[in-house]
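As a plain string of letters, each chain reads:
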Amino acid sequence: MFSCDLHSLHHAIPVEKIRYDEKGLVPAIVQDYLDGTVLMMAWMNRESLQKSLETGESWFWSRSRQELWHKGATSGHLQKLKSMRYDCDSDALLVGVEQVGDIACHTGQRSCFHKVDGQIVPPLGDTLSQLFAVICDRRDNPTESSYTCKLFAGGDNKILKKLGEETAEVVMAFKDDDADAITSEVADLLYHTLVALAHHKVDVKAVYRKLQERRK
């Protein structure tokens, strides 16, 4: 079940029909509602689920403290509910949120799932978000061999010139009705658009938010 409207969301999630475990709990996977990044996993009971739906912010059940837990109440990193789904067995929840401060983990990381082989790595989001993160890293940590860094070094003149060229190539690919060329040229256009966004310090998630607004 899914809804971005809190009133509809409250009625779309049947609290009484969720299959809680023997301790009265259900696992809740929390993800960024814009780019799908998995932020954390926590437990909800009937009361915390009800409070989440009523307040529009995430509430969980702390198994260690045996009490309700309002996410971000102390740190300020609140989670504003944007969507909620339950799985086919009604025994797990998928919660889409707007993460205030972009930090979900108590360690200060964006996601609790931030380690691979003991090393801290950025959490996975959608393909464009991952690519944008790499582009921003090239901007902030330039290397001579990087094509992306060469674009940044050329500033608007070079970046926008390439953007215009790629736009024209996309139009021609569509005109030729060549599926392989279309996918390749659109990929190039998306990449150069992300470079332009990064150059002007505009987050790709701001574009996602605008698209979400227009969906409504």
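See above for the structure.
Residues numbered from 1 in each chain as written. Predicted model: local features only at pLDDT ≥ 70, side-chain atom pairs only at ≥ 80, totals over all residues. Heavy atoms only, no water.

Student: Looking at this structure, how should I read the packing of helix α3 (residues 127-140) against helix α4 (residues 147-176)?
Tutor: The geometry of a pair of packed helices is captured by two quantities: the angle between their axes and the separation between those axes. The interhelical angle for the contact between α3 and α4, taken along N-to-C directions, is 60 degrees, at an axis separation of 9 Å. The angle between α3 and α4 places the two elements in the oblique class. Handedness of the crossing formed by α3 with α4: right-handed. Each of I135, R138 and R139 in α3 lies in contact with α4, whose residues at this interface are T148, C149 and F152. (Axes fitted to C-alpha atoms, helices over the stretch in contact; angles between N-to-C directions. Helix = DSSP H or I, 4+ residues; strand = E, 2+ residues; numbered from the N terminus. Parallel < 35°, antiparallel > 145°, perpendicular 65-115°, else oblique. Left-handed = near helix turned anticlockwise from the far one by under 90°. Contact = heavy atoms within 4.5 Å.)

Student: Would you explain the pattern of salt bridges in this entry?
Tutor: Where charged atoms from two side chains of opposite charge come close, those side chains can pair. If you walk through the whole model with that rule in mind, you get 13 salt bridges. The partner of D137 in a salt bridge is R138, and the shortest N-O contact between them spans 3.8 Å. Overall, the relative accessible area of 37% leaves D137 in the partly exposed class. Judged by its relative accessible area of 33%, R138 falls in the partly exposed class. The partner of K162 in a salt bridge is E165, with the nearest N and O atoms 3.5 Å apart. One end of the pair, K162, and the other, E165, are both in helix α4, three residues apart, so they sit about a helical turn from each other. Residue K162 is classed as partly exposed on the basis of its relative accessible area, which comes to 21%. By sharing partners, the salt bridges in this structure join D32, D35, D102, R110 and K205 into a single network. (Salt bridge = Lys/Arg side-chain N within 4 Å of Asp/Glu carboxyl O. Buried < 20%, exposed > 50% of the residue type's maximum accessible area, 1.4 Å probe, protein only.)

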